[in-house]
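# Report on the structure
So the chains spell out like this:
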Amino acid sequence: METIENNTQKAIPPQPAQRSLSKNQIAELEKVQSLTKIIYAQFKEHKAAVIGAYTIIFFVIVALSAPLLEKVLGVNSENQNVFHRYKAPFSTISAGIDTRETAVRNYIQENPEDAALVQTELLKEEFVASTRPEDALYDWSRYEKRKALAAVRYLDVNNKIKSDLRGIAKKFETFHVFGTDELGRDVLMRLIYGTRVSMGVGILVALSSALIGLLIGAIAGYYGGFIDSLLMRVTDALLSLPTIPVLIVVAAIDLQKLPFVNSIISTGGESILKLVFILCLFSWMPISRLVRGSILTLREREFILASKTLGASDFTIITRHMFPNVIAPLLVSVTLGVGESILFEAALSFLGLGIQPPTPSWGNMLFNAQELIYQAPFLAILPGLLILFVTISFNYVGDGLQDAIDPKTIRR
Amino acid sequence: MLNFILRRIVQTLLVILILSYVCFGLMNLMPGDPVEMMISSNPKITAADVERLRSFYGLDQPMYKRYLSWAGDIVQGELGYSRTYRIPVTEMMGPALGHTFILSVASLVFSLIIAIPLGILCALKPNSKVDYVVNLFSFAGISVPSFWLGIVLIIIFAVNFQILPAGGYQTTGMAYETYWAEFLDKGKYLILPILSLSIQSIGRFSRFTRSSMLEAMRNDFIRTARAKGLTAQVVIWKHGFRNALIPLVTIVALSVSSIFSGALITESLFAYPGVGRLLYTSIMGNDFNVAMISFMISVTMVLLMNLAADLLYGVIDPRVSYK
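Residues numbered from 1 in each chain as written. Chains lettered and ligands numbered in written order. Predicted model: local features only at pLDDT ≥ 70, side-chain atom pairs only at ≥ 80, totals over all residues.

### Brief notes about the overall build of chain A
- The helix and strand tally for chain A stands at 20 helices and 2 strands.
- For chain A, buried positions account for 36% of its 412 residues.
- In chain A, the proportion of contacts linking residues at least 24 apart, taken out of those at least 6 apart, comes to 72%. (Helix = DSSP H or I, 4+ residues; strand = E, 2+ residues; numbered from the N terminus. Buried ≥ 20, exposed ≤ 12 C-beta atoms within 10 Å, placed from the backbone. Contact = placed C-beta atoms within 7 Å.)

Printed below as a string of structure tokens:
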């Protein structure tokens, strides 16, 4: 008996050290964590995915603030300068005569009195040797930026006029961080505007093909039978086609020949809309298969039977009870789809069948650059690097989401 | 089993048939009109002549009638003439198909040789530094635009170092004395296209090999094999890899489609005379006949590969049941 008692005494675990938990902490522990919070916490563990997410946010901010950046940098994205094509990065270029004269003409029109004063001053100080006083400002505008600024300093005019003149003189020279392209346009600005187009197309295509896939997958999975087999045969057939050849044939068609399209699409941004439409046409299939699969299993669950018994309509069951359960895997698919769409957009634009110039996109910038690889290799490298960065970020985020949502997959 | 094979074959044929009709319709929507292109160099032509030309070539018929006569010609082996080169399409297709075949197969073999060892290496040491680096590279491989990689390769190897040609498929005006010389010369032109075409499949294959190998190595029979004292080599290759191979074969067979479709861009970039480039240039040059035939050939080849993949799956894994 004694031995047994001894044993039982040994078996009693030592008293746990008194841990001091405040009431708040206890409440925190007892509260059920929401699904989004769990997913977020899991997602944060995937370092590459977090970096990817920040990269995407950065590019989205750059894309949204493109006009603002244009103002801050003082470089016009559409200004062409045929005398300074294919300039190396970090080069400073003196602006063309037309740009200078336009600036001066605008100034004279806006402040005729100030301009007249400056003109007489310029002649008096003998900075310019114009025969007519009206030409004085124009002659001044021929100077290099530094000389023009120096002249402004010695003029005997008030500060407002001086700062105005300095503003004009600033336009005499533009600084190009990434050099200029085949028409003398600033590469950085075009890349920034290209970010808008390329990422816009990618996100738009991924979202709308998710919508199409959701619709078709839901109908096929929910109703089953003939509709299911018909829709799935079409999906399989489209899925088995080689993507690029099909996209090229479809992208090459002339929409003007279709009468009904002509009335829908107005001019401007036509090539963008057409591209989004074409890419959507061939990217909804994986999503519809995924949605169909989930809905097939959901259909057998008790809560669906319950809502059916309560008399819910098919529409309510599908949208209110089934879609929330499909969202998580769909999110992964959409994220991966953005990267893929950006790649396809770039490929088509690279072949000259996607976004049409002068609208810049990363793909058609590459298309333009490949003609002069020998002279300006830099032009070809930059857009591709951006495509790589953005696509890899989306792929990593998709991977991270996958891990966070579905812990059953093999974790790294 | 036989039922399944027959159904798959019928399905594939049906898709090809429908696609040929759709493709025929799409060609009608391409910019440019065949008769207008024909008469563009002849200013003396009248409206009546145009009408006569249209009815002569059957262009005034409804689309389905034109399609039927075109399809009839195809079945009889009449592929028509190329508008740009003025030679029969059959003469262009043969060599182009051969070139594309060489490029695709070489790229597939190359990517398998690189990807499978990498994937296995990662699966054997998960979470190691090697695993991390390979994972990064496979992600980059999946995300990199292959045409851009091609441009970068051209810049490095053809422009800067000038050791490899930037495009083409053989040195012009070469008369080969031996087969070896021919192989060496043509191989030199293949290196860059193969590299740029393989990068994506290398990424995909190595990730897939890793995950299926990890899955295989977690099986109980691996522990048994280790417990009975088999060497690590035998356990990895005979017990682990053989089981990881099953899903891998399907993925490889299915990715022939994406290699074939990627070959179009690679061929256009490197001016390599394959089917993909033929399709691209003929569409750009309004050579409808060539475009249609090369499109149908590309699609048919990919569909046949998919069919083969489906059938192969059953041979490799007897557990798969056909319904």
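Moving on from the model shown.
### A closer look at the overall build of chain B
- On a plain count of helices and strands, chain B comes out with 12 helices and 0 strands.
- Against the globule reference of 20 Å for 323 residues, chain B gives a C-alpha radius of gyration of 25 Å, more extended than a compact globule.
- Its C-alpha atoms give chain B principal-axis dimensions of about 90 × 55 × 40 Å.
- The buried share of chain B, reckoned over its 323 residues, is 32%.
- Of all intrachain contacts in chain B linking residues separated by at least 6 positions in sequence, the fraction that spans at least 24 positions is 72%. (Rg over C-alpha atoms; globule rule 2.2 N^0.38 Å.)

### Brief notes about the confidence of the model for chain B
- Confidence in the prediction for chain B averages 85 pLDDT; 97% of positions are at 70 or higher.
- Both scores are available for the predicted complex, with the pTM at 0.84 and the ipTM at 0.87. (pLDDT = per-residue confidence, 0-100.)

### Here's the deal with the interface of chain A and chain B
- The interface of chain A with chain B comprises 37 residues on the first partner and 39 residues on the second.
- Elements supplying a minimum of two residues to the side of chain A that touches chain B: helix H13 (243–252), helix H18 (314–350) and helix H20 (377–405) of chain A.
- Split by residue class, the side of chain A that touches chain B holds 27 nonpolar, 7 polar and 3 charged. (Nonpolar A, V, L, I, M, F, W, Y, C, P; charged D, E, K, R; others polar.)

### Describing the environment of A:Arg142
Residue and element names in this part refer to chain A.
- Structurally, Arg142 can be placed in the loop between helix H8 (136–140) and helix H9 (145–154).
- What makes Arg142 partly exposed here is the crowd of 13 C-beta atoms within 10 Å.
- Once the C-alpha coordinates of Arg142 and Ser229 are considered, the two residues, 87 residues apart in sequence, prove to be 74 Å apart.

### Topic: the packing of helix H16 (residues 285–299) of chain A against H18(A)
Residues and elements named next belong to chain A.
- Running from amino to carboxyl end, H16 crosses H18 at an angle of 145°, the nearest separation of the two axes being 10 Å. Seen from above, H16 lies across H18 with right-handed handedness. Across from Pro286, Ile287, Leu290, Val291, Ser294, Ile295 and Leu298 in H16, the residues of H18 making contact are Met322, Asn325, Val326, Pro329, Leu330 and Ser333.
- Split into classes, the residues belonging to the contact of H16 with H18 amount to 10 nonpolar, 3 polar and no charged. (Axes fitted to C-alpha atoms, helices over the stretch in contact; angles between N-to-C directions. Left-handed = near helix turned anticlockwise from the far one by under 90°.)

### Points about the environment of A:Val234
- Here A:Val234 lies in helix H12 (residues 225–239).
- Spatially, the C-alpha atoms of A:Val234 and A:Gly217 are 12 Å apart, while their sequence positions differ by 17 residues.

### Considering H13(A)
- Within H13(A), 9 of the 10 residues are buried, which leaves it mostly tucked inside the rest of the structure.
- Along H13(A), the positions that sit buried rather than exposed are A:Thr243, A:Ile244, A:Pro245, A:Val246, A:Leu247, A:Ile248, A:Val249, A:Val250 and A:Ala252.

### A short note on the packing of helix H5 (residues 89–124) of chain B against helix H10 (residues 232–270) of chain B
Residue and element names in this part refer to chain B.
- For the pair H5 and H10, interaxial distance at closest approach is 10 Å and the crossing angle is 145°. Relative to H10, H5 is oriented so that their crossing is right-handed. Contact residues: Thr100, Leu103, Ser104, Ser107, Leu108, Leu112, Ile120 and Leu124 in H5; Ile236, Phe241, Val252, Val256, Ile259, Phe260 and Ala263 in H10.

### Considerations on unusual backbone geometry
Residues and elements named next belong to chain B.
- With a phi angle near 55°, Gln162 is a residue other than glycine that sits in the positive phi range.
- Accessibility expressed as a C-beta count within 10 Å gives 9 for Gln162, which makes it exposed.
- A positive phi is found at Asn286, a non-glycine position, where the angle reads about 55°.
- Turning to its location among the elements, Asn286 is positioned in the loop between helix H11 (275–284) and helix H12 (288–316).
- With 18 C-beta atoms counted inside 10 Å, the residue Asn286 sits in the partly exposed group.

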